[in-house]
Amino acid sequence: MSLPNTNSTLDRIRTRQARVGVIGLGYVGLPLAVEFAHAGFDVTGFDVDPRKAEQINAGKSYIPDVPEADLAACVKAGKLSATTDMSQLGTMDVIDICVPTPLRKTKDPDLSYVVHAVEAVAATLKRGQLVILESTTYPGTTDEVVQPMLVAKGLEADVDFFLAFSPERVDPGNQQFNTKNIPKIVGGVGPASTEVAAALYGATVQNVIPVSSTRVAEMVKLLENTFRAVNIGLVNEMALMCHKMNIDVWEVIDAAKTKPFGFMPFYPGPGLGGHCIPIDPFYLSWKARQSGFECRFIELAGQVNGAMPEYVVQLVGEALNSTRKALNGSRVHLVGVAYKPNVNDVRESPALDILELLTRSGAEVSYTDPYVPELKLDGRTLSSVDLPKALASRPDCGVICTDHSVFDYQAVVDSGTLLVDTRNALRQFTGPKIFRL
Ligand SMILES: NC(=O)c1ccc[n+]([C@@H]2O[C@H](COP(=O)([O-])OP(=O)(O)OC[C@H]3O[C@@H](n4cnc5c(N)ncnc54)[C@H](O)[C@@H]3O)[C@@H](O)[C@H]2O)c1
C-alpha cells in the first residue's frame, strides 16, 4: 500500500505538477532535461558552468543530439530554464543527477562530482522529493554513498523521500535510438522509490524496466559497457593476429556476421574513446576487488584496447617505410579526431594518444575534423585544417581515425596520399598506398 508521501509525489508526477531538476547539463543531462520538458514537466537545469546555463536560457544548444529548435521551443514555452544557483534545488519535486564519473590517474573511481552534487541536494532535501542518480558508477554507490549523505538530514529513505538509480544508456550521434526510445532501467532503494521513479520515467520515455534494487540497476549498465569493452578487445586482438597471418580481418567479420544467430559483429579500431567504454569497466573491477574478486576479462581488454594507439603508430611507421621514409621528420595528417563518427566529443579519444605518440617520434602532426575546430596537444593548440587544403599540402601520410560521414574518401584516395585506415573507411578502394588496420 502506498504511503502518504508516495501518493502525493505520484500525484504531482501524474498531473505534471512535479517540478523536475536536472543536475549536470552535458551529453546526458541536457537531452534528458528536454525530454522531461516534452513530457509536460517544468524543468530546471543546474550546472556549475555558467556558460551552459546562459546558452540554454538563450535557447542555444551545444549538444549535437539536441536540436536547437527543440530546445528553444521548450525555453520559450517556459518549460525549461537553467541556473547555477543550487539553492533552488529545494523547490524541486524531482532531482536527477547526471554529473561526470571519471577515473583518477590510478584508475580508481572519482566520485567527487557525484559527492558535490549530492551535498547540494542534501542541503535543501525536503519531504516527498525523488532523487535519482543517472551517472554511471559502481554497484553500491547509491545505497553506500548517496543514501547516507541524504538520511543524515534526518529524513528516512523510501518513506520521507525517494531514492533511485537509473542508468543513462544514451548513445550520442545514434540516429535510431535516443533518450526517448531507449528502454529505461529503474531500481530504487525500496519499493516506494522504484514505484515513484518508474512513474516519472513512464511519463517521459517509451519503456521502463523496474529492477529489484539500485545495485542491480548500477550493475546492468556496467555489464552492458563491459560487454562492449571486452568484445572490442577481442576483435582488436583478432585484427593484430590477422595482420601477422596476412588475413583481412574486415572481410572475416563481414562474412562471420552472416550467421543469423550466436554472433554479433564488433569492429577493430584505433582504441577506445568517449566517457563510457574506456572508463566504466574499471569502476566495476575496482569495486569487485574490494570483495576479493579480480575481473580478468576487464583488465585484459583494457590492456589490448589501450595498446591500439601504439599499434596504429607502428602501422604508420610501416607505411612510411614502404616509401623509404621515417616517422621522424615526416608530416602526418589525421583525418578525424573525435572518438566516434559524427560527434564533437574528443574525451579519451585514441586520436589524442596517436597525435602524442607521433609527435614523440618526431613526426609533424596536423588534423582535420569538422566537429572539432581546435584541440590541445602538449600545451599547444592545433586547429583543424580543411581536408582539401590538407591533402593539397601533400602530407607524407594520412591516418583515418574517425569515419565521419562528411568525409569525401574518393578525394582522399585521389590525392595519392599514403594512407593508414583504422576504420575500414576505404573499403571500396585498394592499392599499394592504403594500409588497413
Ligand atoms: N556521454 C555519454 O555518451 C554517456 C552515456 C551514458 C552515460 N553517461 C554517464 O553520464 C554521466 C554524465 O556524462 P556526460 O557525458 O553527460 O558528462 P558531461 O561532462 O557532458 O556533462 C556533465 C555536466 O555536469 C556538470 N557538473 C559537474 N559537476 C557538477 C556539480 N557538482 N553540479 C552541477 N553540475 C555539475 C558539468 O559542468 C557538465 O556540464 C557520466 O557518469 C557518464 O559516464 C554518459
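In what follows, the structure referred to is the one given above.
Quantities reported herein were computed from a predicted structural model and do not represent experimental measurements.

Thresholds applied
Residues numbered from 1 in each chain as written. Predicted model: local features only at pLDDT ≥ 70, side-chain atom pairs only at ≥ 80, totals over all residues. Heavy atoms only, no water. Helix = DSSP H or I, 4+ residues; strand = E, 2+ residues; numbered from the N terminus. Buried < 20%, exposed > 50% of the residue type's maximum accessible area, 1.4 Å probe, protein only. Salt bridge = Lys/Arg side-chain N within 4 Å of Asp/Glu carboxyl O. Near = heavy atom within 4 Å. Polar contact = N/O pair within 3.5 Å; in protein donor to acceptor, adjacent residues only side chain to side chain. Areas by Shrake-Rupley, 256 points an atom, 1.4 Å probe, with all protein chains shown as cover. Nonpolar A, V, L, I, M, F, W, Y, C, P; charged D, E, K, R; others polar. Patch = residues over 30% accessible without salt bridge, like charges linked within 9 Å, V, L, I, M, F, W, Y side chains within 5 Å. Pairing = 2+ DSSP bridges. Axes fitted to C-alpha atoms, helices over the stretch in contact; angles between N-to-C directions. Contact = heavy atoms within 4.5 Å. Parallel < 35°, antiparallel > 145°, perpendicular 65-115°, else oblique. Left-handed = near helix turned anticlockwise from the far one by under 90°.

(A) Seen up close, unusual backbone geometry. You will see that Lys 107, though not glycine, has its phi angle at about 70 degrees, which is positive. By the secondary structure assignment, Lys 107 is in the loop between β4 (94-97) and α5 (112-123). In this structure Lys 107 comes out as partly exposed when scored by relative accessible area, which is 43%. A positive phi is found at Asn 342, a non-glycine position, where the angle reads about 60 degrees.

(B) A look at the pattern of salt bridges. In total, this model carries 17 salt bridges according to the counting rule given. The residue Arg 51 makes a salt bridge to Asp 49 at a minimum N-O spacing of 3.2 Å. Residue class for Asp 49 comes out buried when judged on its relative accessible area of 16%. The salt bridge partner of Glu 144 is Lys 287, with a shortest N-O separation of 2.9 Å. One end of the pair, Glu 144, is in helix α6 (residues 141-151); the other, Lys 287, is in helix α10 (residues 280-290), with 143 residues separating them in the sequence. By relative accessible area, Lys 287 is classed as buried at 14%. The network of salt bridges with shared partners includes Asp 143, Glu 144, Arg 215 and Lys 287.

(C) Seen up close, the site of the ligand. In the vicinity of the ligand there are 27 residues, among which Val 28, Asp 47, Lys 52, Thr 101 and Arg 347 approach most closely. In the model, an oxygen atom of the ligand is placed 2.6 Å from a nitrogen or oxygen of the Asp 47 side chain. At a separation of 2.8 Å, an oxygen atom of the ligand approaches a polar side-chain atom of Lys 52. Out of a free accessible area of 830 Å², the ligand has 92% covered by protein chains. Considering every element that reaches the shell around the ligand, the biggest residue donor is α5, with 3 residues. Looking at side-chain class alone, the shell around the ligand contains 15 nonpolar, 7 polar and 5 charged residues.

(D) Quick peek at a nonpolar patch on the surface. A cluster of nonpolar side chains, contributed by Leu 234, Met 238, Met 241, Met 245, Ile 247 and Val 252, occupies part of the molecular surface with about 520 Å² of accessible area. Ranked by the residues each element gives to the nonpolar patch, the list is headed by helix α8 (residues 214-245), at 4 residues. Assignment of secondary structure puts Met 241 in helix α8. Judged by its relative accessible area of 37%, Met 241 falls in the partly exposed class.

(E) Here's a closer look at the sheet that holds strand β9 (residues 331-335). Judged by pairing direction, the sheet is parallel, and its 5 strands sit side by side in the order β10-β9-β13-β14-β15 without closing on themselves. Looking along the sheet, the strands with just one partner apiece sit at the ends: β10 (364-368) and β15 (434-436). For this sheet the average axis-to-axis angle between neighbouring strands, irrespective of direction, equals 20 degrees. Strands in contact with helix α12 (residues 308-321) are β9, β13 (397-400), β14 (419-421) and β15; relative to β13, the strand with the most contacts, it is inclined by about 150 degrees.

(F) Structural detail: the pairing of strand β12 (residues 380-383). The pairing of strand β11 (residues 374-377) with β12 spans 4 bridges and is classified as antiparallel. The residue of β12 that forms the bridge with Glu 374 is Ser 383. The hairpin formed by β11 and β12 contains 2 residues between the paired strands, and Asp 378 there has a positive phi angle of roughly 50 degrees.

(G) Structural view of the environment of Asn 181. Tracing the chain through its elements places Asn 181 in the loop between β6 (162-165) and β7 (184-188). Under the relative-accessibility criterion, Asn 181 is labelled partly exposed at 22%. C-alpha of Asn 181 to C-alpha of Ala 53: the two residues are 128 residues apart in sequence and 26 Å apart in space. Those residues in contact with Asn 181, other than ones at most four positions away along the chain, are Gln 176 and Gln 206. A distance of 2.9 Å separates a polar side-chain atom of Asn 181 from the backbone oxygen of Gln 176. A polar contact of 2.7 Å, which involves the side chain of Asn 181, links it to the backbone nitrogen of Asn 178.

(H) Main features of the packing of α8 against helix α11 (residues 296-306). In the contact formed by α8 and α11, the axes pass within 8 Å of each other and the chain directions differ by 50 degrees. Our classification of the angle between α8 and α11 gives oblique. Here α8 and α11 pass one another in a crossing that is left-handed. Of α11, the residues touching α8 (which contributes Thr 226, Ala 229, Val 230, Ile 232, Gly 233, Asn 236 and Glu 237) are Phe 297, Ile 298, Ala 301, Val 304 and Asn 305. Class assignment for the residues of the contact of α8 with α11 results in 7 nonpolar, 4 polar and 1 charged.

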